[in-house]
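Structural overview for review
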Amino acid sequence: MITKTYDVRTHGCQMNVHDSERLAGLLETAGYVDLTSLPAGDRPEVADVVVFNTCAVRENAANKLYGNLGQLRPAKLANPDLQIAVGGCLAQKDRSTIVERAPWVDVVFGTHNVGSLPALLDRARHNKRAEVEILEALETFPSTLPTRRDSAYSGWVSISVGCNNTCTFCIVPALRGKEKDRRPGEILAEIEALVAQGVVEITLLGQNVNTYGVEFGDRLAFGKLLRACGEVEGLERVRFTSPHPAAFTDDVITAMAETHNVMPSLHMPLQSGSDRILKSMRRSYRSEKFLGILDRVREQIPDAAITTDIIVGFPGETEEDFQGTLDVVRASRFSSAFTFQYSIRPGTPAAEMDGQVPKEVVQDRFDRLIEVQEEVSWAGNRELEGREVEVLVAPGEGRKDAETERLSGRARDNRLVHFAVPEGADRPRPGDAVTVEVTYGAPHHLIADSGVQGGAYAVRRTRGGDAWAALQEGATPGATKKPAVSLGIPTIGAPPQRESTAPPCAVLD
C-alpha cells in the first residue's frame with residue numbers, strides 16, 4: 001500500500017498551534033501519515049499534502065506565506081498530484097487572492113471551517129481545480145474535531161474562540177469572529193480525557209480567557225473554571241493565555257492563589273505604557289490600573305512571574321509616550337516580554353491613522369526597549385540564584401543541550417531552566433519533574449548545575465514521563481512519535497445547571 005504523507009506548517013499564536021493539531025488529526029483519520037513519523041531515509045523530499053496554517057497579525061505574514069508557496073512551485077510542477085492547502089487567519093483575510101497570486105495552491109480554507117480540509121482536498125483532486133471555502137461564522141466548535149497532539153504529557157485546551165474587543169491595531173476579531181464559549185462540562189471532560197492519557201500539564205486557550213462566560217452571563221466563570229481544574233486528580237500544572245487587563249478580576253487572582261495546580265505565571269499584555277496611546281489603541285484600561293493588577297497578583301502570589309506584550313511605534317506615539325512605556329516596564333518587573341514593532345495591518349482602524357512613526361524611529365525605540373527589558377529580566381533571574389525550582393522536563397527546549405550536556409524544561413513559573421545531570425544519577429524523561437537549585441540567572445533563562453556541584457538534584461517520575469516513554473517503545477530511530485489521534489467533545493452554548501462529572505472521551509487506537 002502506498003503511504004500518503006502530510007506536512008502541517010504552523011505560523012502564529014498558540015491558537016494556531018492547537019488548530020494545527022486538529023488539522024493533523026483530520027488528515028490522520030483521512031489516511032495520511034505525518035511526514036516526520038517516517039524514518040529520515042524513507043521520507044519524500046516533499047509530503048503529498050502540505051498545509052500552511054497562517055497568521056495575519058504581523059506585516060510580514062503575507063510575504064512569508066507567498067515566499068514559502070513560491071519555494072513549493074517547482075515541486076508542484078514536478079508532481080501535479082502534490083496538494084497545497086492554505087488555512088488560518090491570512091486565508092480568512094485574503095481568500096481567493098491566494099489562488100490568484102499562487103495558482104498552484106489547491107485549497108484555501110478559513111478559521112471557521114478547519115474541519116472541511118479533507119473534503120476540500122478530495123474535491124480539488126476530483127474537480128482538478130482550486131477549492132476556496134471561507135465561512136463567515138463558526139458553525140462547529142473546533143474541539144469537536146479529531147486531534148493529533150504534539151506532546152504526550154502536555155496539552156492545549158480551548159475554552160473559547162473569537163474576541164469581542166475592538167483594539168485598533170488588531171485584525172484577529174475580524175478573522176476569528178465574536179467570542180464563542182464552550183460548556184464548562186465539556187472543557188473539564190476534555191481535561192479529564194487528557195489526564196487519563198498521561199497529560200500532567202494543560203494550557204487553557206482563548207483570545208481573551210478572562211471574559212470566558214460572556215455567552216451565558218457569568219462574569220466569574222473563568223475563576224470557577226480554574227478552581228474546577230484543581231479538582232482533576234492527576235493534573236499537576238494548569239496555565240492559561242491570554243487575559244485582557246480590562247476584564248481581569250480579583251476573583252481570578254484569588255482562584256490562582258488558592259488552586260494548587262494553577263501555576264504562578266501570568267501573561268498580561270501591556271501593549272503601551274502611555275495612557276494616550278492606550279486610548280488610541282482602544283485598550284480600555286490605563287497604566288495605573290495595569291500596575292494595580294500586578295500589585296494585587298504579587299500580594300497573593302509573591303513568586304508569580306509576569307510576562308507581557310508590547311507594541312513600539314504605534315501611530316502618534318511620541319518620545320514622551322515611549323518613555324511612559326519604559327517607566328511601566330521598569331515598574332512592572334516583567335520576567336520577559338514579547339516586543340513588536342508596529343506594522344500596518346490593512347483593515348484595522350490604526351492603518352488609517354495619522355502620525356505613522358518613521359521606521360528608523362521605531363527601530364531606535366525598539367532597541368532601547370529591549371535593552372531595558374533585558375536589564376529587568378536579568379535582575380529578576382539573578383534574584384532566583386540559590387533557590388530550588390521544580391522543572392517539568394521537555395525535549396527541544398534547550399537548543400544547546402547536546403553541547404552543554406544539560407537537559408531543559410520549565411519551572412512552575414514558566415521560566416526556562418537548563419540543568420545538569422550528575423554522572424550516574426537517575427536521568428529524567430520528558431514529562432518527569434526534577435528539583436534543582438538555580439546556580440546562575442541569565443537574562444533569558446536559568447542555569448541549575450547544582451546536581452554536579454554537590455547540591456540539590458531529585459527526579460520525580462510522573463505519569464507524563466510514563467506516557468512519553470510508552471510512545472518511544474518500538475519507535476523507529478530518526479522518526480517523530482506523537483500520541484494517537486483523540487476525538488473531540490461536541491457542542492457549544494449555555495452550560496447545564498449542574499456540576500460536571502463527564503467521563504473522558506474515547507481514544508482511537
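Preceding this paragraph is the structure being described.
Parameters and conventions
Residues numbered from 1 in each chain as written. Predicted model: local features only at pLDDT ≥ 70, side-chain atom pairs only at ≥ 80, totals over all residues. Heavy atoms only, no water. Axes fitted to C-alpha atoms, helices over the stretch in contact; angles between N-to-C directions. Helix = DSSP H or I, 4+ residues; strand = E, 2+ residues; numbered from the N terminus. Parallel < 35°, antiparallel > 145°, perpendicular 65-115°, else oblique. Left-handed = near helix turned anticlockwise from the far one by under 90°. Contact = heavy atoms within 4.5 Å. Nonpolar A, V, L, I, M, F, W, Y, C, P; charged D, E, K, R; others polar. Core = buried A, V, L, I, M, F, W, Y, C linked by side-chain atoms within 4.5 Å. Buried < 20%, exposed > 50% of the residue type's maximum accessible area, 1.4 Å probe, protein only. Disulfide = S-S within 2.5 Å. Pairing = 2+ DSSP bridges. Expected span 1.5 Å × (residues − 1). Phe/Tyr/Trp six-rings, centres within 6.5 Å; stacked < 30°, edge-to-face > 60°.

Let us now look at the packing of helix α9 (residues 250-258) against helix α11 (residues 287-300). Interhelical geometry of α9 versus α11 gives an angle of 25 degrees and a closest axis separation of 9 Å. Accordingly, the angle class assigned to the pair α9 and α11 is roughly parallel. Read as a crossing pair, α9 and α11 show a hand that is right-handed. Within the contact between the two elements, α9 uses D250, I253, T254 and A257 and α11 uses I293, R296, V297 and Q300. By residue class, the composition of the contact of α9 with α11 is four nonpolar, two polar and two charged.

Another aspect to go through is the packing of helix α7 (residues 184-196) against helix α8 (residues 221-229). When two helices pack together, their arrangement is given by the angle between the helix axes and by the axis-to-axis distance. Taken N-terminus to C-terminus, the directions of α7 and α8 make an angle of 30 degrees; their axes are 11 Å apart at the nearest point. It follows from the interaxial angle that α7 and α8 lie roughly parallel. Once α7 is placed against α8, the crossing between them reads as right-handed. Every residue of α8 that contacts α7 at I187, L188 and I191 is listed here: L225, A228 and C229. Residue classes in the contact of α7 with α8 are distributed as six nonpolar, no polar and no charged.

Let us now look at the nonpolar core. Counting residues in each nonpolar core, the largest one holds 52 residues, and the members touching the most others are I191, I202, L204, F222, L226, F248 and V297. If near-sequence neighbours (up to four positions away) are discounted, F222 is found in contact with I159, L204, V209, N210, Y212, F240 and V252. If you look at the next biggest cluster of nonpolar residues, it comprises 25 residues, including C89, V108, I134 and I171.

With that out of the way, let us pick up the state of the cysteines. Tallying each qualifying case throughout the model produces zero disulfides. Not part of a disulfide, C167 finds its nearest cysteine sulfur in C170, a span of 6.1 Å. Note on C167: relative accessible area 9%, which makes it buried.

With respect to topology, three strands assemble into an open sheet ordered β7-β10-β11, the strand pairing being parallel. Each end of this open sheet is capped by a strand with a single partner; those strands are β7 (154-158) and β11 (237-241). Going from strand to strand, the sheet's axes swing by 25 degrees on average, the running direction of each strand aside. Note that β7 and strand β10 (residues 201-205) share five bridges and pair parallel. Note that in β10 the partner of G155 across the bridge is I202.

Here we come to α11. With 14 residues, α11 ought to run about 20 Å at 1.5 Å a step, and its terminal C-alpha atoms sit 21 Å apart, in line with that. Here the buried face of α11 lies against α9, β12 (265-267), α10 (275-281), β13 (305-312) and α12 (319-332).

Before going further, it helps to examine the packing of aromatic side chains. Going through the model one piece at a time under the given rule, you end up with six aromatic pairs. A ring pair is formed by F314 and Y342, whose centres lie 5.5 Å apart and whose planes are at 70 degrees; its orientation type is edge-to-face. In this pair, F314 sits in the loop between β13 and α12 while Y342 sits in the loop between β14 (336-341) and α13 (359-382), placing the two residues 28 residues apart along the sequence. The class of Y342 is buried, set by a relative accessible area of 12%.

As a further point, take the environment of L38. Among the structural elements, L38 can be located in the loop between β2 (33-34) and β3 (49-54). By relative accessible area, L38 is classed as buried at 18%. Expressed as a C-alpha distance, the spacing of L38 and C167, which sit 129 residues apart in the sequence, is 44 Å.

On to α12. Taking 1.5 Å as the rise per residue, α12 with 14 residues should run 20 Å; its terminal C-alpha atoms sit 20 Å apart, in good agreement. On the buried face of α12, the contacting elements are α10, α11, β13 and α13. R333 occupies a position one or two residues after α12 and carries a positive phi of about 55 degrees.

Right, let's talk about the sheet that holds strand β5 (residues 107-109) for a bit. Two strands in a sheet stick together by hydrogen bonds in their backbones, pointing the same way (parallel) or opposite ways (antiparallel). Spatial ordering of the open sheet is given by β2-β1-β3-β4-β5-β6, a layout of six strands whose pairing is parallel. One side of each edge strand has no neighbouring strand; the edge strands of this open sheet are β2 and β6 (131-133). With two bridges joining them, strand β4 (residues 83-88) and β5 adopt parallel strand pairing. Its bridge partner lying in β5, A85 is registered against V107. Packed onto the sheet, helix α1 (residues 14-29) meets β1 (5-10), β2, β3 and β5 and runs at close to 170 degrees relative to β1.

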